[in-house]
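Notes for the structure review
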Amino acid sequence: MNFFRNRLEAYPRLEDYRLAKAAGYWPYYKTVESASRPRFTIEGADYINFGSNNYLSLSYHPKVIEAAQQATAKYGTGVTGSRLLNGTLDLHRTLEAELAEFYGREAALVFSTGYVANVATIGGLLNRHDYAVLDKDAHNSLLTGAQLSGATMRRFGHNDLERLARILDGLPPERGKGVIVDGVYSMGGDTAPLDQLVELCHAHPNTFLLDDEAHGLGVLGARGRGAAERYDVLADVDLITITFSKTLGSCGGALIGSPDAIELLMLDADPLIFTASNTPGSVAAALEALRILRDEPEITTRLRANVGLFIDLLTDRGVPVNPAESAILTIPLRRRDEVSAVVLARELLEAGVFVNPVVAPAVAQGLGLIRLSLMLDHTPALLEEAAEVIFKVLNDNDQLPEE
């Protein structure tokens, strides 16, 4: 149909995409042919894996796999309905109870994905009479939820608390307000100053704070409960959302927090009510992964040790890296344009290292960076090998800083 072709031809970056694909530099939608291990297989070749969010290496843990297999054998491959109808299993109830206990909160609600958890929560709690106040680096799922809610949106510069305070001071006190942030930001790996955000939000009436801990769970805090635990405000953040697709090695998401908020969403959140429920295997896998994290909190310390080691290995070679408390590292390129980032990612892939090139809209238009995610099972030898490859490729591409 002409409709589809016309829409495709109007896509603003279509020419760039087609040129990159034709030249073999299109870095996305690669076909993965193995589990997301420290070394994994893409289209027939093996690579050192820094492109996964499998922070605690739990997606292939034997206990997690066994839990998914047993649940599939018992309940089948899918529930064939929404949570509202036939899609709430005893597995969901158990996972919700154990998530609430893990976070020291009263209630939790499981969704089919982390994206849906954010969209449903924001869209279900805010309406056109309210305000959604978001950090400019907030994840797309948070932004989409705010847009779909109909609330009036306000944005503040990344971690700019002075600007946030001015925004909140200028909003009507009687109107509802949701301040929405990532505990750990997915592109930069830096954290939101949640202790200060809690204080600021609680100083304004009718204001709640939503903390998306997708990249904080299993990474930060003494027990791996994320940035809120790291800032010692776990009991003070109003709402916490998580995804199962990163640390928990599965697929799904959850909201943890107020029983009133959760009851409201169960009654009035369309993405929950009209979306098919998680597969039994994915719920069981997330539950088992959560239990491993709960029972072995020391694995988060081991993960952070890997991060520290890799930063040292790169820094010793003169490779610039933006260190963060999280398991996400970024390499700020000497030439920070999109083309350079994509070309460098291709060169690294050819040298045996898989990374994520980040371009707009994940970062500002025209900019590019290289993003790496560390895993628990990255060994010192593998990190040493990868650091040497990264140094050589950056040096050959004149991407190291001038001395």
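These figures come from a predicted structure and were not determined experimentally.

1. Some points on the packing of aromatic side chains
For the structure shown, the criterion picks out six aromatic pairs. Here Tyr17 and Trp26 contribute two aromatic rings whose centre-to-centre distance is 4.8 Å and whose plane-to-plane angle is 80 degrees, an arrangement assigned as edge-to-face. The partly exposed category is assigned to Tyr17, whose relative accessible area is 26%. Exposure remark for Trp26: the relative accessible area of 26% places this residue in the partly exposed category. Pairing Phe50 with Phe310 gives two aromatic rings, centres 5.0 Å apart and planes at 15 degrees, and the pair type is stacked.

2. Comments concerning helix α12 (residues 280-295)
An ideal rise of 1.5 Å per residue puts 22 Å on 16 residues; α12 measures up with 23 Å between its terminal C-alpha atoms. Counting buried residues along α12, 13 of its 16 residues qualify, which places the element largely inside the surrounding structure.

3. Observations regarding helix α6 (residues 140-149)
Taken across its ten residues, α6 has seven buried, putting it largely inside the fold. Inspection of α6 places Ser141, Leu142, Leu143, Thr144, Gly145, Ala146 and Ser149 among the buried residues, and these make up the whole buried set. Along its buried surface, α6 packs onto α5 (114-125), β4 (131-135), β5 (152-156), β6 (177-182) and β7 (207-212). With its phi angle positive at about 85 degrees, Gly150 sits one or two positions after the end of α6.

4. Focus on unusual backbone geometry
Trans peptide bonds make up the majority, and among non-glycine residues the majority have a negative phi. Positive phi, normally seen in glycine, also occurs at Asn206, with a value near 55 degrees. Tracing the backbone through its elements, the reader meets Asn206 in the loop between α8 (194-202) and β7. Phi angles above zero are rare outside glycine, and Asp398 is one such case at about 55 degrees. Inspection of the secondary structure assignment puts Asp398 in the segment after α15 (380-396).

5. A few points about the sheet that holds strand β3 (residues 107-111)
Overall, mixed pairing links the seven strands, which are arranged β3-β9-β8-β7-β6-β4-β5 in an open sheet. Unpaired on one side and paired on the other, β3 and β5 mark the two borders of the sheet. Recorded for the sheet is a direction-independent mean angle of 20 degrees between the axes of neighbouring strands. In terms of strand pairing, strand β8 (residues 239-243) meets strand β9 (residues 253-257) through five bridges, oriented antiparallel. Among the inter-strand pairings, Thr241 is bridged to a residue of β9, identified as Leu255.

6. Focus: the sheet that holds strand β13 (residues 369-373)
The sheet built from three strands is open, its strands ordered β10-β13-β12 with antiparallel pairing. In the strand order of this sheet, the two ends are held by β10 (328-331) and β12 (356-358), each with one partner. Averaged over neighbouring strand pairs, the angle between their axes works out to 30 degrees when direction is ignored. For β12 and β13, the ladder comprises three bridges, and the chain directions are antiparallel. Pairing of Asn356 across the sheet is with Arg371, part of β13. Sheet strands touched by helix α14 (residues 338-350): β12 and β13. Its angle to β13, the strand with the most contacts, is close to 45 degrees.

7. Description of the pairing of β6
Counting buried residues in β6 gives six out of six residues, a clear majority hidden from the surface. Taking every second residue as pointing to the same face, both faces of β6 are buried, with Lys177, Val179 and Val181 on one and Gly178, Ile180 and Asp182 on the other. By the bridge criterion, six bridges tie β6 to β7 in an arrangement that is parallel. Opposite Lys177, over in β7, you have Thr207 as the bridge partner. Of the crossover connections in this fold, the one passing from β6 over α8 to the parallel β7 is right-handed.

8. So, the pattern of salt bridges
Pairing of side chains with opposite charge becomes possible as their charged atoms draw close. On inspection of all chains with the given rule, the structure shows 17 salt bridges. Salt-bridge contacts for Arg39 lead to Glu385; the nearest nitrogen and oxygen are separated by 2.7 Å. Of this pair, Arg39 sits in strand β1 (residues 39-42) while Glu385 is found in helix α15, placing the two residues 346 residues apart along the sequence. When its relative accessible area of 37% is taken as the criterion, Glu385 is described as partly exposed. The closest approach of N and O atoms between Glu98 and Arg291, which form a salt bridge, is 2.7 Å. Linking Glu98 in helix α4 (residues 90-103) with Arg291 in helix α12, this pair joins segments that are 193 residues apart in sequence. On the accessibility criterion, Arg291 (25% relative accessible area) is partly exposed. In this structure, a network of salt bridges that share partners links the residues Glu98, Arg291, Arg294 and Asp295.

Rules and cut-offs
Residues numbered from 1 in each chain as written. Predicted model: local features only at pLDDT ≥ 70, side-chain atom pairs only at ≥ 80, totals over all residues. Heavy atoms only, no water. Phe/Tyr/Trp six-rings, centres within 6.5 Å; stacked < 30°, edge-to-face > 60°. Buried < 20%, exposed > 50% of the residue type's maximum accessible area, 1.4 Å probe, protein only. Helix = DSSP H or I, 4+ residues; strand = E, 2+ residues; numbered from the N terminus. Expected span 1.5 Å × (residues − 1). Contact = heavy atoms within 4.5 Å. Pairing = 2+ DSSP bridges. Axes fitted to C-alpha atoms, helices over the stretch in contact; angles between N-to-C directions. Right-handed = clockwise from strand over helix to strand, strands pointing away. Salt bridge = Lys/Arg side-chain N within 4 Å of Asp/Glu carboxyl O.

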